[in-house]
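# Inside the fold
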Amino acid sequence: MNKDLDYIFACQAEMIPHHVEKERKNNARWSCSTPVDLSTRAGQMQIKDFFWRVTEEVTETIDKFRHSASAEDIMEELVDVLHFLVEVAIHVGVTPYDLAPVNNDQKLQYLFDRRRVAMDSVDHSGYELIHELGQCAAMMKARPWRDKFPPVHKDDLIPHIRSAFMYLLSMFGLLVTNIEEIVEAFTHKYNINKRRLAEGY
């Protein structure tokens, strides 16, 4: 498999069963199915939890930029955002083709070429990324005080998740000039995560 968006999704999908089992043991999992059932409270709450994980990583990335951290440190934070955002997509049933409708191994390039730059600022790009996920979360009405709520449909989430990816790629674009650097950084962190799992991290 060429190292494109399909490769990134496949790597993250490989990790998900391990994450689910670990979180289940730690009583930190709403739903153990993949994709989750977005007609259920557990499914909607699980995805909202993932949105918050992405938000934390975006915030850490912005802080690194503000404090003039090294490019290596910032890149590591951006890759963490990518890991969680891909995991969100997988858990709601969104595929690489849903995000980049091209029948080749250029899906990541397709998104990178169309990345959304919000006022040439990492702060604004980060905010817009979070805002897109917030719009997804607002569709999920399974709030603690509600007994009844409607299901959420994947097709309604796709435009927002696609935009979130584009804003993330605009943040990457402040550090890199090509997708190969993104894939290399992703692969490096993926191998670290695999080793951590094997060591019982």
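Our structure's up above, just so we're on the same page.
Figured I'd write up the structure that's included with this text. (Residues numbered from 1 in each chain as written. Predicted model: local features only at pLDDT ≥ 70, side-chain atom pairs only at ≥ 80, totals over all residues. Heavy atoms only, no water.)

### Describing the environment of His91
Rules: Counting from the N terminus, the helices are the DSSP runs of H or I reaching at least four residues and the strands are the DSSP runs of E reaching at least two. Any pair of residues with heavy atoms lying within 4.5 Å of one another is described as a contacting pair.
The residue His91 is located in helix α3 (residues 71-91) in this model. Sequence separation between His91 and Phe50 is 41 residues; the distance between their C-alpha atoms is 9.3 Å. Contacts of His91, omitting those with residues within four sequence positions, involve Ile16, Arg29, Ser33, Thr34, Pro35, Val36, Ile47 and Phe50.

### Some details on the pattern of salt bridges
For clarity, the cut-off: Put simply, a salt bridge is a Lys or Arg side-chain nitrogen that is within 4 Å of an Asp or Glu carboxyl oxygen. Residue exposure (1.4 Å probe, protein chains only): buried if accessible area is under 20% of the type maximum, exposed if over 50%, otherwise partly exposed.
Applying the stated rule across the entire model yields ten salt bridges. Put simply, Asp49 and Arg53 hold a salt bridge, and the shortest N to O gap is 2.6 Å. With Asp49 and Arg53 both in helix α2 (residues 41-66) and four residues apart, this pair spans about one turn of that helix. Relative accessible area serves as the criterion here: at 27%, Asp49 is assigned to the partly exposed category. A salt bridge links Asp123 to Arg66; the shortest N-O distance between them is 2.5 Å. One end of the pair, Asp123, is in helix α6 (residues 122-139); the other, Arg66, is in helix α2, and 57 residues separate them in sequence. Residue class for Arg66 comes out exposed when judged on its relative accessible area of 56%. What you see here is one network of salt bridges that share partners, running through Glu23, Arg29, Asp49 and Arg53.

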